[in-house]
Amino acid sequence: MANHLSAKKRIRQNSVRRLHNRYYARTTRNAVRQLQATTDKATAEEMLPKVVAMVDKLAHKNQIHKNKAANLKSNITKHVNALS
């Protein structure tokens, strides 16, 4: 257990940030999954910029690797372009 006040504060901050990060990571994963399940092109084209922005935000904050973000964006863009 932490003895210093600064260490105790760091533990509190980490737990709050962990929950915050888990929320945004889970929300983004659900949005990607929902977009990939969409079969309507108009809806998918409307969702695409929002989902790409969410993925970019996670990559910018180093919650996911930049290459993983690029792969996700590539796959969902291919999916949207393949819809008719």
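Above this text is the structure in question.
Asks: So, the packing of aromatic side chains: which residues are in play, and what are the values?
Replies: Enumeration over the complete set of coordinates arrives at one aromatic pair. Seen from the ring of Tyr24, Lys57 lies directly overhead, with NZ or CZ sitting 5.5 Å from the centre.

Asks: Give a detailed account of the pattern of salt bridges, specifying residues and quantitative values.
Replies: Within this structure, the stated rule accounts for two salt bridges. The salt bridge partner of Lys41 is Glu45, with a shortest N-O separation of 3.8 Å. Separated by four residues within a single helix, Lys41 and Glu45 lie in helix 2 (residues 41-60), roughly one turn from each other. For Lys73, the salt bridge identified is with Asp56, shortest N-O distance 2.7 Å. Separated by 17 residues along the polypeptide, Lys73 in helix 3 (residues 66-82) and Asp56 in helix 2 bring together distant segments of the chain.

Asks: Outline the side chain of Thr38, listing residues and values.
Replies: Relative to the helices and strands, Thr38 is located in the loop between helix 1 (5-37) and helix 2. Once residues within four sequence positions are removed from consideration, Thr38 is found in contact with Thr43, Ala44, Met47, His79 and Leu83.

Asks: Can you break down the nonpolar core residue by residue, with the values?
Replies: Side chains of a nonpolar character, in soluble globular proteins, are inclined to be buried together. If you look at the biggest cluster of nonpolar residues, it comprises 15 residues, and the most contacted ones within it are Leu35, Val51, Val55, Ile64 and Ile76. Those elements giving two or more residues to this core turn out to be helix 1, helix 2 and helix 3. Top element by residues in this core is helix 2. It accounts for seven residues. For Val55, the residues in contact, after removing those within four places along its chain, are Thr28, Val32, Ile64, Ala69, Leu72 and Lys73.

Asks: Explain helix 2 to me, using residue names and the numbers behind them.
Replies: With 20 residues, helix 2 ought to run about 28 Å at 1.5 Å a step, and its terminal C-alpha atoms sit 28 Å apart, in line with that. In the structure, helix 2 departs most strongly from a straight axis at Leu48, where the bend amounts to approximately 35° and where the proline Pro49 lies between one and four residues downstream. Residues Ala44, Met47, Leu48, Val51, Val55, Leu58 and Ala59 constitute the buried set of helix 2. Elements that come into contact with the buried residues of helix 2 comprise helix 1 and helix 3.

Asks: Can you explain the side chain of Thr28? Please cite residues and give values.
Replies: Following the sequence through the fold, Thr28 ends up in helix 1. Residue classification places Thr28 among the buried positions, given a relative accessible area of 5%. In contact with Thr28, other than residues within four places in its own chain, are Met54, Val55 and Leu58.

Calculation notes
Residues numbered from 1 in each chain as written. Predicted model: local features only at pLDDT ≥ 70, side-chain atom pairs only at ≥ 80, totals over all residues. Heavy atoms only, no water. Phe/Tyr/Trp six-rings, centres within 6.5 Å; stacked < 30°, edge-to-face > 60°. Lys NZ or Arg CZ within 6 Å of the ring centre and 35° of its normal. Salt bridge = Lys/Arg side-chain N within 4 Å of Asp/Glu carboxyl O. Helix = DSSP H or I, 4+ residues; strand = E, 2+ residues; numbered from the N terminus. Contact = heavy atoms within 4.5 Å. Core = buried A, V, L, I, M, F, W, Y, C linked by side-chain atoms within 4.5 Å. Buried < 20%, exposed > 50% of the residue type's maximum accessible area, 1.4 Å probe, protein only. Expected span 1.5 Å × (residues − 1). Bend = angle between axes of the 7 residues up to and from the residue.

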